[in-house]
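# Chains, contacts and geometry: an overview
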Amino acid sequence: MKIPLALTTVFFLLSFSTSVARLRGFNYMRRKYRRDTMPKLNTDGIRKHIPGSLSGLQSIDSLPTTAPVCEIILDVHCKVERGTKPCDGLIPHVVDLCSPDDHPTSITMQYIGGTCNQTEFFHCEDSPQGTSASDTSYIVATDRNNEVYFEGNVTINESFLMSKNGSMLTEDININVYSSSDQSELLQTMTLPLCSNSNSSSFHFQEILGSTKLTAFESAERGSVTFESVFEVDAVYFFNLTGFGKVHSLKILTNNIDIPFADLTDQVNSTALGEGTVVSATKEVKLDLSNRHRYTMLSLVEVVVPTTNETCADSDSMFFDAGIFL
């Protein structure tokens, strides 16, 4: 039995339409198309069949089109040292008072109060009277020849500077804490090791010597070295956006007390995303490495497709550990 060619053509077109509809139905489920934006098969351009010939199926002038879909992917990471090193696992460098060819010319200590129980490896002795009951003590710092490097009243949490008129400090420093300027009552005596013995390389920032701790020093080669320069690190949060649409907003929440919340929309607002396009934003932060700390951040970005007003969003969380392991 022969099937008329016209009927064969109609059957072919119906099968083609059904296959396209199924394929688009799959794409709809995969890419979350809205039903009202589902493209329809355009058959206006299909030429009419001429009976007895296949010439009517030589071309199709118009194929089905795809409506734009809102897509966004957000990737966040943290870098230090001009983006060359990750923040995760970052620890401070050990900075000693002395190096083989560089001795300090001045040393700044902070008077924090307390007993010698705070000191593990260095010479420190408390008098029977213990520490002063008042907030102010009289401190005298000398070398072994009794040359005075510092002398004066110091209050709790105040810093004092020990120096030798700009000359290098090469000998251990004896620090005595008195209850008053008449020096009649000695509360504490301790020795700050410098470059003259085997302990010269062991004293560094975060070490506590009796009722004092190191906060800064200066040297000819290293210049001014401070607690902040060792333990406070400049870092950058990087936000990379890919997808399709125009960026509507970018906001972050962190556990960093300096920036608990930040709105970065101004950096990316109305920026167009498309194939092969990466839009970036940054946020500069400071990391405190004087304590071990876990930094966390949650970021959220929203994108809109102008032609359909369709919106979509993505979020990304980040955490890393950084801080002291001296």
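Up top is the structure these notes are about.
Note that the structure is predicted; figures quoted are calculated from it, not measured.

## Some details on the overall build of the chain
For the chain, the count of helices and strands is three helices and 18 strands. Across the 326 residues of the chain, 39% fall into the buried class. Considering only intrachain contacts with a sequence separation of at least 6, the fraction spanning at least 24 residues in the chain is 69%. Looking at the chain as shown, the accessible area adds up to about 18800 Å², and 52% of this sits on carbon and sulfur atoms.

## Comments concerning the layout of surface pockets
In this structure, the largest pocket occupies an estimated 190 Å³ of space. Along the walls of the largest pocket sit Glu232, Asn255, Asn256, Ile257, Asp258, Lys286, Leu287, Asp288, Asn291, His293 and Tyr295, which together make up its complete lining. Residue assignment for the lining of the largest pocket shows that the elements contributing at least two residues are strand E16 (279–288) and strand E17 (293–305). In terms of residue count, E16 provides more of the lining of the largest pocket than any other element does, three residues in total. When grouped by side-chain class, the residues that make up the lining of the largest pocket number three nonpolar, four polar and four charged.

## Concerning the packing of aromatic side chains
Enumeration according to the criterion identifies five aromatic pairs in this entry. Taking 6.4 Å as the distance between ring centres and 85 degrees as the angle between the ring planes, the aromatic pair formed by Phe205 and Phe231 counts as edge-to-face. Of this pair, Phe205 sits in the loop between strand E9 (186–192) and strand E10 (208–209) while Phe231 is found in helix H2 (residues 227–231), placing the two residues 26 residues apart along the sequence. Both rings, one in Tyr295 and one in Phe320, keep their centres 5.3 Å apart while their planes meet at 20 degrees; by these two values the pair is stacked. Here Phe320 lies in strand E18 (residues 310–322) and Tyr295 lies in strand E17, a separation of 25 residues in the sequence.

## Focus: the nonpolar core
Membership of the largest hydrophobic core comes to 67 residues, with the highest contact counts inside it found for Ile107, Met162, Ile173, Tyr237, Phe239 and Leu287. The dominant element in this core, judged by the number of residues it contributes, is strand E13 (residues 232–254), at eight residues. Not counting residues up to four positions away in its chain, the partners in contact with Met162 are Ser106, Ile107, Met109, Ala141, Tyr149, Phe150, Leu169, Ile173, Ile175 and Leu192.

## Some details on a nonpolar patch on the surface
On the surface, Leu253, Phe261 and Leu298 cluster together to form a nonpolar patch covering roughly 290 Å² of accessible area. Within the secondary structure, Phe261 is located in strand E14 (residues 261–263).

## What to know about the state of the cysteines
Applying the stated rule across the entire model yields three disulfides. The partner cysteine of Cys70 in its disulfide is Cys312, sulfur to sulfur 2.0 Å. Around the S-S axis, the bridge from Cys70 to Cys312 shows a dihedral of about -75 degrees and counts as left-handed. Taken together, the residues Cys70 in the loop between helix H1 (5–31) and strand E1 (71–80) and Cys312 in strand E18 connect sequence positions 242 residues apart. There is no split in this pair, since Cys70 and Cys312 are both buried. Cys78 shares a disulfide with Cys87; S-S distance 2.0 Å. Residues Cys78 and Cys87 share a disulfide whose torsion about the S-S bond is about -65 degrees; that sign makes it left-handed. Each member of the pair Cys78 and Cys87 is classed as buried.

Calculation rules
- Residues numbered from 1 in each chain as written.
- Predicted model: local features only at pLDDT ≥ 70, side-chain atom pairs only at ≥ 80, totals over all residues.
- Heavy atoms only, no water.
- Helix = DSSP H or I, 4+ residues; strand = E, 2+ residues; numbered from the N terminus.
- Buried < 20%, exposed > 50% of the residue type's maximum accessible area, 1.4 Å probe, protein only.
- Contact = heavy atoms within 4.5 Å.
- Areas by Shrake-Rupley, 256 points an atom, 1.4 Å probe, with all protein chains shown as cover.
- 1 Å grid on protein atoms, 1.4 Å probe; cavity = no way out; pocket = protein on both sides within 12 Å on 5 of 7 lines; lining within 4 Å.
- Points joined across faces, edges and corners; volume = space filled by probe spheres on them.
- Nonpolar A, V, L, I, M, F, W, Y, C, P; charged D, E, K, R; others polar.
- Phe/Tyr/Trp six-rings, centres within 6.5 Å; stacked < 30°, edge-to-face > 60°.
- Core = buried A, V, L, I, M, F, W, Y, C linked by side-chain atoms within 4.5 Å.
- Patch = residues over 30% accessible without salt bridge, like charges linked within 9 Å, V, L, I, M, F, W, Y side chains within 5 Å.
- Salt bridge = Lys/Arg side-chain N within 4 Å of Asp/Glu carboxyl O.
- Disulfide = S-S within 2.5 Å.

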